[in-house]
Amino acid sequence: MGSAVAQCPHGITSHSTGNLGQNKLGYSSRCSKFPCQLDFARFGLLHQGSSAASSSDHSTEFGRRINAVPDMDDMFWDKVPTPLLDMVENPIHLKNLSVQELKGLASEIRSELSCIMSEKPNSLKASLAVVELTIAIHHVFHAPVDKILWDVGEQTYAHKILTGRRALMRMMRQKNGLSGFTSRFESEYDSFGTGHGCNSVSAGLGMAIARDIKGKRDRVVTVISNATTLAGQVYEAMSNAGYLDSNMIVILNDSRRSLHPKIEQEPKTSITALSSTLIKIQSSSFFKGITKRIGRGMHELAAKFDEYARGMIGPQGSTLFEELGLYYIGPVDGHNLEDLICVLQQVSSLDSMGPVLIHVITEDNHQDAECNEKIESDNPQEVLSAGYDDSVSSSVQTRTYSDCLVDSLLMEAEKHKDIVLVHAGMEMEPSFQVLQETFADRFFDVGMAEQHAVTFSAGLSRGGLRPFCIIPSTFLQRAYDQVVHDVDRQKIPVRFVITSAGLVGNSGPVYCGAFDVTFMSCLPNMIVMAPSDEDELVDMVATAAQIDDRPVCFRYPRGAIVRTDHFMHPGIPLEIGKGRVLVEGKEVALLGYGAMVQNCLKAQALLSRLGIEVTVADARFCKPLDTELLTLLCENHKFLITVEEGSIGGFASHVAQFIALNGHLDGTVKVMNIRNFHFW
């Protein structure tokens, strides 16, 4: 036994007690090859210009980079020691680790993620599935010089831990904490921001072309998932990559999930010792380069033989990527570090390789025995859901707007047998699974294919059905061209249900529904409305079901409903373009739109206690506006305040335009707007 103190070149002092040659988990210590040994007593965030004397010289090198070692007082390191992970401050520290040590590191990262994310409602499966793949990528490539891009934020938690953000993992999706996605403003290791998926291949190809034009030699690696392969942009980018033939690596993380239950029930792709050996051969520079060394007409024949041979090795459908122009390699066991490192090293060493797709097979629930034991002991009730936690019994769950939407759609579907439901987005809320089960033949989940969902709904409408197209606000942005040309311009009655509108809590700006009122209300034929509470939501579902001559949309927020009695009344269709006055007052009128009406009522209650009586009105419709209500409010009040949750160009802009064009500003009324999104 002994004790040692060492100085870290990044401003962290190391104290270690015990056998310096062997750690608690039995891994052979290789600390001597690292530039630092770390102190686990107490750490803060070190920024450039830190006042700490021991770190001032070295923190400059890393600038604003966040050190990786966490605050020990807040975490459970006494339960699960992580000696290897404690030595990894950034990816360069992975270079000298042996494969056996990398396996130990993968186990420690899984324990770390299970410990940290057990308190979070977000999906852990995706990040657990790519631990070995993340380690292999950072072991082989040299980020941030080499560009590594991810399509889905849920896959990047291990990446964040390895790139200096371990200390802030508990603050993920919190104020002043980490983003749930990659962000260029957060770390130099995040080459491009992720959000709605399917963008990494396009962005990576752009970086590869820019690299070629500038004469550089860095590598570009993009990681895509099953979910993102449902989006058309991925195939557009792959086709263009095959045509441009620029060097880049696309890694398909295949977790064997599909929207089609029959596909998931089929036999899974097996990876045997023979197939593993063949994959290593096909990724070698000799196998890849031999077809290019053969001259003239024999080159095409050799290339065809190469493609045919790899088609025989690969699973069914692998030739699709070949037809798009990518050199297919796979499938590779995503949890076999030896194979992953071998294939990545072979591919990274190739010159003039063009675009390569590496098909990696992973398991969402892949965990080692130690990690499984910890999860069961620490969190026996935890359910690792895909983005939504439905493990709580319905008796204690808070009722949400989506629950009310489902109930109202069920009632309307009983009245109108021609109602069909189309759902698009990255994941489905548990509430909508009731619809899927109840109306299996009338519910269509298309996944991350919002453009298709909109035009598909238009086709259903033209076929004589009543489609409700359910899309989160932020994902509807991707389908705007289809909304304009395939629906609104043709006045096809598609009923858009815009979920997760407005602020979305810890999901952050990526999922924030800030723009839908603005971009939907500017369309000439679209009816745009928003309920102030769950009762109006039910009425608007009934209203939308009745409209058959033009498109209509309504939005509702994420979260709990206003009332708690859970009583559902039958929907009553509203008169189009008519609002209502909820409270009559003097001088000041609060005109709310959507969920912000509740804030207006709260403000009115507070002002009433002070002896100030204000009017509260519910606009209901942004387009068409209730011009009679607006005229009444302007003529009988000195101040008109519009309250909304959206960006510039939304409800308040329509109100201001009407007031200006009709001369109401020439009188005594003063108009102002209150919006939640002051930064837009």
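Keep in mind that this is a model prediction, so the values were computed, not measured. (Residues numbered from 1 in each chain as written. Predicted model: local features only at pLDDT ≥ 70, side-chain atom pairs only at ≥ 80, totals over all residues. Heavy atoms only, no water.)

## Thoughts on the overall build of the protein
1) Next: If you tally the helices and strands in the protein, you get 25 helices and 19 strands.
2) Next: Classification of the 680 residues of the protein by burial places 54% in the buried group.
3) Next: Taking contacts inside the protein between residues at least 6 apart in sequence as the whole, the part at least 24 apart equals 76%.
4) Next: Accessible surface, the protein as shown: approximately 29,600 Å² in total, 53% of it carbon and sulfur. (Helix = DSSP H or I, 4+ residues; strand = E, 2+ residues; numbered from the N terminus. Buried < 20%, exposed > 50% of the residue type's maximum accessible area, 1.4 Å probe, protein only. Contact = heavy atoms within 4.5 Å. Areas by Shrake-Rupley, 256 points an atom, 1.4 Å probe, with all protein chains shown as cover.)

## Description of the pairing of strand E7 (residues 355–361)
Looking along a regular strand, one sees side chains alternate from face to face of the sheet.
1) Next: Extensive coverage of E7 is indicated by the burial of seven of its seven residues.
2) Next: Covered by surrounding structure in E7 are Pro355, Leu357, His359 and Ile361 together with Val356, Ile358 and Val360, the residues of both alternating faces.
3) Next: Where strand E5 (residues 248–254) and E7 come together, seven bridges link them in parallel fashion. Across the sheet, valine 250 pairs through a bridge with leucine 357, a residue of E7.
4) Next: Looking at chain direction, strand E6 (residues 327–333) and E7 are connected through five bridges and run parallel. Residue tyrosine 328 lies in a different strand from E7, and its bridge partner there is leucine 357.
5) Next: After leaving E6, the chain enters helix H14 (residues 337–348) and then returns to the sheet as E7, a path that is right-handed. (Pairing = 2+ DSSP bridges. Right-handed = clockwise from strand over helix to strand, strands pointing away.)

## Digging into the packing of helix H24 (residues 627–636) against helix H25 (residues 651–661)
1) Next: Where H24 meets H25, the axes come as close as 11 Å, and the angle between the chain directions of the two elements is 70 degrees. Accordingly, the angle class assigned to the pair H24 and H25 is roughly perpendicular. For the crossing formed where H24 meets H25, the hand is right-handed. In this structure, H24 uses Thr627, Leu630, Thr631 and Cys634 to contact H25, whose residues at the interface are Val655, Phe658 and Ile659.
2) Next: Looking at side-chain class alone, the contact of H24 with H25 contains five nonpolar, two polar and no charged residues. (Axes fitted to C-alpha atoms, helices over the stretch in contact; angles between N-to-C directions. Parallel < 35°, antiparallel > 145°, perpendicular 65-115°, else oblique. Left-handed = near helix turned anticlockwise from the far one by under 90°. Nonpolar A, V, L, I, M, F, W, Y, C, P; charged D, E, K, R; others polar.)

## Focus: unusual backbone geometry
Glycine aside, a negative phi is what most residues show, and trans is what most peptide bonds show.
1) Next: A cis geometry characterises the amide bond from alanine 143 onward to proline 144, with omega recorded as 5 degrees.
2) Next: Relative to the helices and strands, proline 144 resides in the loop between helix H5 (131–140) and strand E3 (147–150).
3) Next: Here the amide bond leading from glycine 330 into proline 331 is cis, since omega sits at 0 degrees, within 30 degrees of zero.
4) Next: Topologically, proline 331 is positioned in strand E6.

## Things to note about the side chain of glutamate 644
1) Next: By the element assignment, glutamate 644 lies in strand E18 (residues 637–644).
2) Next: Of the side chains with opposite charge, arginine 675 lies nearest to the buried glutamate 644, which makes no salt bridge, at 4.8 Å.
3) Next: In terms of polar contacts, glutamate 644 uses its side chain to reach the backbone amide nitrogen of phenylalanine 651, at 3.0 Å.
4) Next: There is a polar contact of 3.1 Å between the side chain of glutamate 644 and the backbone nitrogen of alanine 652. (Lys, Arg positive; Asp, Glu negative; His and termini not counted. Salt bridge = Lys/Arg side-chain N within 4 Å of Asp/Glu carboxyl O. Polar contact = N/O pair within 3.5 Å; in protein donor to acceptor, adjacent residues only side chain to side chain.)

## A word on the pattern of salt bridges
1) Next: One pass over the full model with this rule turns up 21 salt bridges.
2) Next: Between aspartate 212 and arginine 211 there is a salt bridge, and its shortest N-O distance comes to 3.0 Å.
3) Next: Taking relative accessible area as the criterion, aspartate 212 reaches 40% and is therefore assigned partly exposed.
4) Next: Residue arginine 211 is classed as buried on the basis of its relative accessible area, which comes to 6%.
5) Next: Linking glutamate 412 and lysine 415 is a salt bridge whose minimum nitrogen-to-oxygen distance equals 3.4 Å. Taken together, the residues span about one helical turn, with glutamate 412 and lysine 415 both in helix H16 (residues 401–415) at a distance of three residues.
6) Next: Classification of glutamate 412 as buried rests on a relative accessible area of 3%.
7) Next: Counted as one network, the salt bridges with shared partners bring together Lys160, Arg165, Glu186 and Asp190.

## Overview of empty space enclosed by the protein
1) Next: For the coordinates displayed, the defined rule picks out six cavities of 30 Å³ or more.
2) Next: Counted as a void, the largest cavity has a volume near 70 Å³.
3) Next: Considering the residues around the largest cavity, the lining is formed by Ala501, Gly502, Ala530, Pro531, Arg555, Tyr556, Pro557, Tyr593, Gly594, Ala595, Met596 and Glu645.
4) Next: The residue makeup of the lining of the largest cavity, split by class, is eight nonpolar, two polar and two charged. (1 Å grid on protein atoms, 1.4 Å probe; cavity = no way out; pocket = protein on both sides within 12 Å on 5 of 7 lines; lining within 4 Å. Points joined across faces, edges and corners; volume = space filled by probe spheres on them.)

## A look at H25
1) Next: All buried positions along H25 are accounted for by Phe651, Ala652, His654, Val655, Phe658 and Ile659. What you see down the axis of H25 is that its buried residues fit within an arc of 160 degrees, all on one side.
2) Next: Along its buried surface, H25 packs onto helix H21 (516–521), strand E15 (587–592), strand E17 (621–623), H24, E18 and strand E19 (670–675). (Arc of directions from axis to C-beta.)

## Overview of the environment of isoleucine 641
1) Next: One can find isoleucine 641 in strand E18.
2) Next: Residue class for isoleucine 641 comes out buried when judged on its relative accessible area of 14%.
3) Next: Setting aside anything within four residues of it in sequence, one finds isoleucine 641 in contact with Val588, Ala589, Leu590, Leu591, Met672 and Ile674.

## Observations regarding the sheet that holds E17
1) Next: The sheet built from seven strands is open, its strands ordered E9-E8-E10-E11-E13-E12-E17 with mixed pairing. Both edges of this open sheet fall to strand E9 (443–445) and E17, since each of them pairs with a single strand only. Strand-to-strand twist in this sheet, taken as the mean axis angle between neighbours without regard to direction, amounts to 20 degrees.
2) Next: As defined by bridge partners, strand E8 (residues 419–423) adjoins strand E10 (residues 466–472) across five bridges and the pair is classed as parallel. In the sheet register, leucine 421 faces E10, and the bridge partner there is phenylalanine 468.
3) Next: Helix-sheet contacts for H16 involve E8, E10, strand E11 (495–501) and strand E13 (552–557), and the interaxial angle to E13 is about 145 degrees.
4) Next: The strands touched by helix H17 (residues 430–438) within the sheet are E8, E9, E10, E11 and E13, with E9 carrying the most contacts at an inclination of about 130 degrees.

## A word on the environment of glycine 242
1) Next: Relative to the helices and strands, glycine 242 is located in helix H8 (residues 232–244).
2) Next: If near-sequence neighbours (up to four positions away) are discounted, glycine 242 is found in contact with Leu324, Gly325, Leu326 and Pro355.

## Quick notes on the packing of aromatic side chains
1) Next: If you walk through the whole model with that rule in mind, you get five aromatic pairs.
2) Next: Centre to centre, the rings of tyrosine 480 and phenylalanine 519 are 5.0 Å apart; their planes meet at 65 degrees, and the pair counts as edge-to-face. Residue tyrosine 480 is located in helix H20 (residues 480–488), and its partner phenylalanine 519 is located in helix H21; the two are separated by 39 residues in the primary sequence.
3) Next: Among the residues examined, tyrosine 480 registers a relative accessible area of 23% and is labelled partly exposed.
4) Next: The buried category is assigned to phenylalanine 519, whose relative accessible area is 13%.
5) Next: We note arginine 184 situated over the ring of phenylalanine 185; from NZ or CZ to the ring centre the distance is 5.3 Å. (Phe/Tyr/Trp six-rings, centres within 6.5 Å; stacked < 30°, edge-to-face > 60°. Lys NZ or Arg CZ within 6 Å of the ring centre and 35° of its normal.)

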